[in-house]
Amino acid sequence: MDQAVNAANLGAAAAGGLSLWSLFLHAAIVVKLVMIGLVLSSIVVWGIIFDKIVTLRRVNRQASEFEDRFWSGGSLDDLYESDGAKPQHPLAAVFGAAMGEWRRSARIAGVDLARGGVQERVDRAMTITITREMERLGRWMIFLATIGPVAPFIGLFGTVWGIMHAFGAIAAMHNTNLAVVAPGISEALFATAIGLVTAIPAVIAYNVINNSLALFEDRLGAFGTEFAAILSRQSEERG
């Protein structure tokens, strides 16, 4: 019965042409499920790509604006109250974590701010904040990293399954004419094509976005190092 159904599908596909929609409609049920899964994965991939592009542009713009205010020579306490106390972007969060720890230490009676313990707590607060912010920015990157290498093999599975059923249906029809063979093989190969269309953007986007994330993490680390030096100098001046 399954071979008869597939034989009918091959005949219908041959009669209806080789449009993408026709290839999907006349594919075996397993191949259809593979195609649907790959298309849904592709939609998620492009959603992640657009989200990361928009997010990285926004945080870099906010970081540049914050650095302009930071290096303008204004009061660090005022900047903490306006940006650091309730940070809206990663760089402000790093600043807020360091400044908050330094202010809490300064309120301890008799504390020597120039001691190594205070500086270590400030450095630790910034390191933890950078790690947390980068984890938030890197969310869903694992999906891109997984779909990139896996999608072609999922498509290949659909192709192998489709070819198996196509050959079974061809045998049932007792006809090896190219007009009969081509539609079934095309339906099967269509799954691999969708797998590649899904995987290629995922791989490219993962590499580009991952590089942008690494550069932004370096930017946060460089700011943290500079700010730690400023706090250390102020601590020595107070001491």
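Our subject is the structure that appears above.
Residues numbered from 1 in each chain as written. Predicted model: local features only at pLDDT ≥ 70, side-chain atom pairs only at ≥ 80, totals over all residues. Heavy atoms only, no water.

## Remarks on the environment of Met99
Note on placement: Met99 falls in helix α5 (residues 90-106). Sequence separation of Met99 and Val122 is 23 residues, and the distance between their C-alpha atoms is 7.8 Å. Not counting chain neighbours up to four residues away, the residues in contact with Met99 comprise Leu76, Asp77, Tyr80, Phe227 and Leu231. (Helix = DSSP H or I, 4+ residues; strand = E, 2+ residues; numbered from the N terminus. Contact = heavy atoms within 4.5 Å.)

## Considering the pattern of salt bridges
Scanning the entire structure with this criterion turns up 7 salt bridges. A salt bridge links Glu101 to Arg121, with the nearest nitrogen and oxygen atoms 3.1 Å apart. Linking Glu101 in helix α5 with Arg121 in helix α6 (residues 116-137), this pair joins segments that are 20 residues apart in sequence. Classification of Glu101 by relative accessible area gives buried; the value is 15%. Look at Arg121 and you get partly exposed, because its relative accessible area is 28%. A salt bridge links Arg136 to Glu133, with the nearest nitrogen and oxygen atoms 2.7 Å apart. Highlighted residues: Arg136 and Glu133, both in helix α6, separated by 3 residues, approximately one helical turn. Look at Arg136 and you get partly exposed, because its relative accessible area is 35%. The structure contains a network of salt bridges with shared partners spanning Asp77, Glu81 and Arg103. (Salt bridge = Lys/Arg side-chain N within 4 Å of Asp/Glu carboxyl O. Buried < 20%, exposed > 50% of the residue type's maximum accessible area, 1.4 Å probe, protein only.)

## Looking at a nonpolar patch on the surface
A cluster of nonpolar side chains, namely Ile29, Leu33, Ile36, Val39, Leu40 and Ile43, defines an oily patch on the protein surface of about 580 Å² accessible area. Structurally, Ile29 can be placed in helix α3 (residues 29-70). (Patch = residues over 30% accessible without salt bridge, like charges linked within 9 Å, V, L, I, M, F, W, Y side chains within 5 Å. Areas by Shrake-Rupley, 256 points an atom, 1.4 Å probe, with all protein chains shown as cover.)

## Some details on the packing of aromatic side chains
Taken as a whole, this structure holds 13 aromatic pairs when the rule is applied. When the ring of Phe70 is compared with that of Phe95, the centres are 6.0 Å apart and the planes differ by 80 degrees; the resulting orientation is edge-to-face. Linking Phe70 in helix α3 with Phe95 in helix α5, this pair joins segments that are 25 residues apart in sequence. A single burial state applies to Phe70 and to Phe95, both of which are buried. (Phe/Tyr/Trp six-rings, centres within 6.5 Å; stacked < 30°, edge-to-face > 60°.)

## A look at the packing of helix α4 (residues 76-84) against α5
For the pair α4 and α5, interaxial distance at closest approach is 10 Å and the crossing angle is 125 degrees. In terms of their interaxial angle, α4 and α5 are classed as oblique. Every pair of crossing elements has a handedness; the one defined by α4 and α5 is left-handed. For the pair formed by α4 and α5, the contact residues are Leu76, Asp77, Leu79, Tyr80, Glu81, Asp83 and Gly84 on the first element and Ala92, Phe95, Gly96, Met99, Gly100 and Arg103 on the second. Of the residues contributing to the contact of α4 with α5, the split by class is 6 nonpolar, 3 polar and 4 charged. (Axes fitted to C-alpha atoms, helices over the stretch in contact; angles between N-to-C directions. Parallel < 35°, antiparallel > 145°, perpendicular 65-115°, else oblique. Left-handed = near helix turned anticlockwise from the far one by under 90°. Nonpolar A, V, L, I, M, F, W, Y, C, P; charged D, E, K, R; others polar.)

## A look at helix α7 (residues 141-173)
Taking 1.5 Å per residue, 33 residues should reach 48 Å; α7 reaches 48 Å between its end C-alpha atoms and fits that length. In α7, a bend of some 40 degrees at Val150 exceeds every other bend along the element, and Pro152, a proline, comes one to four places later. One or two residues past the end of α7 sits His174, with phi positive at roughly 55 degrees. (Expected span 1.5 Å × (residues − 1). Bend = angle between axes of the 7 residues up to and from the residue.)

## Brief notes about the environment of Arg69
Relative to the helices and strands, Arg69 is located in helix α3. Owing to a relative accessible area of 36%, Arg69 belongs among the partly exposed residues under this scheme. When the C-alpha positions of Arg69 and Leu79 are compared, they lie 7.9 Å apart, and in sequence the two are 10 residues distant.

## Some thoughts on the packing of α3 against α7
Viewed as axis vectors pointing N to C, α3 and α7 meet at an angle of 160 degrees, and their least axial separation amounts to 9 Å. Overall, the two elements α3 and α7 adopt an arrangement that is roughly antiparallel. Taken as a pair, α3 and α7 cross one another with a handedness that is left-handed. Across the interface between the two elements, Val30, Val31, Val34, Leu38, Ser41, Val44, Val45 and Ile48 of α3 pack against Phe143, Leu144, Ile147, Ala151, Ile154, Gly155, Phe157, Gly158, Trp161 and Gly162 of α7. Grouping the constituent residues of the contact of α3 with α7 by class yields 14 nonpolar, 4 polar and no charged.

## Remarks on the side chain of Ser41
Within the secondary structure layout, Ser41 lies in helix α3. With relative accessibility at 17%, the residue Ser41 sits in the buried group.

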